[in-house]
Amino acid sequence: RLPSNTAEYLYGRGVERVLSSLLLVLLVLLLRNLLVITWQRSHSSQLAMECNITAALLRLDIAGSKMREAQAKRELDSAQSASEQELDAVERVEWIRRLQILEEE
């Protein structure tokens, strides 16, 4: 048989080891949770950055579309103006021809 103080010492050492093990487990869990939280924050800020980039690209695309639309409208207006000028010229030539015919008669 062990003397009583030895048994108490061994019991104390056992409790101490159990508490140390529990403390180590709690520390590992805490670190794991901190890593998970850090990853989640990092991931969500990365998603936010990607959303901001996508929104900026969409704005650029919309602006480009508006610019292309404005350019197409200017080209159409220019073509219509040229067509009207050609029609005016054709009408003038036709009137001149009619006047010449009338003068010859």
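Our subject is the structure listed above.
Residues numbered from 1 in each chain as written. Predicted model: local features only at pLDDT ≥ 70, side-chain atom pairs only at ≥ 80, totals over all residues. Heavy atoms only, no water.

Helices and strands together make up the secondary structure of the protein, namely 1 helix and 0 strands. Taking 105 residues into account, the globule formula puts the C-alpha radius of gyration at 13 Å, and the protein, at 45 Å, lies well above it. With respect to the three principal axes, the spread of C-alpha positions in the protein is 150 × 10 × 5 Å. Each of the 105 residues in the protein was classed as buried or not, and the buried ones make up 1%. As presented, the protein carries roughly 10000 Å² of accessible surface, and 64% of it is formed by carbon and sulfur atoms. Charged side chains in the protein number 13 positive and 15 negative. The centres of these two groups are separated by 27 Å. (Helix = DSSP H or I, 4+ residues; strand = E, 2+ residues; numbered from the N terminus. Rg over C-alpha atoms; globule rule 2.2 N^0.38 Å. Buried < 20%, exposed > 50% of the residue type's maximum accessible area, 1.4 Å probe, protein only. Areas by Shrake-Rupley, 256 points an atom, 1.4 Å probe, with all protein chains shown as cover. Lys, Arg positive; Asp, Glu negative; His and termini not counted. Charge placed at Lys NZ, Arg CZ, Asp CG, Glu CD.)

All right, on to a nonpolar patch on the surface then. Together, Tyr11, Val15, Val18, Leu19 and Leu22 give the surface a local cluster of nonpolar side chains, amounting to about 510 Å² of exposed area. With respect to the helices, strands and loops of the structure, Leu19 is situated in helix H1 (residues 4–104). (Patch = residues over 30% accessible without salt bridge, like charges linked within 9 Å, V, L, I, M, F, W, Y side chains within 5 Å. Salt bridge = Lys/Arg side-chain N within 4 Å of Asp/Glu carboxyl O.)

Turning our attention to the pattern of salt bridges. The full count for this structure, using the stated rule, is 2 salt bridges. A salt bridge links Asp77 to Lys73, with the nearest nitrogen and oxygen atoms 3.3 Å apart. Linking Asp77 with Lys73, this pair stays in helix H1, spanning 4 residues, or about one helical turn. The class of Asp77 is partly exposed, set by a relative accessible area of 36%. A salt bridge links Arg98 to Glu94, with the nearest nitrogen and oxygen atoms 2.8 Å apart. With a gap of 4 residues between them, Arg98 and Glu94 both fall in helix H1, about one helical turn apart. Assessed through its relative accessible area of 40%, Arg98 is described here as partly exposed.

For the rest of this paragraph, the subject is the environment of Leu99. By the secondary structure assignment, Leu99 is in helix H1. For Leu99, a relative accessible area of 49% translates into the label partly exposed. Leu99 sits 22 residues away from Asp77 along the chain, and the two C-alpha atoms are 33 Å apart.

Position of Gln100 among the secondary structure elements: in helix H1. Taking the relative accessible area as the measure of exposure, Gln100 reaches 43% and is therefore partly exposed. Expressed as a C-alpha distance, the spacing of Gln100 and Leu34, which sit 66 residues apart in the sequence, is 98 Å.

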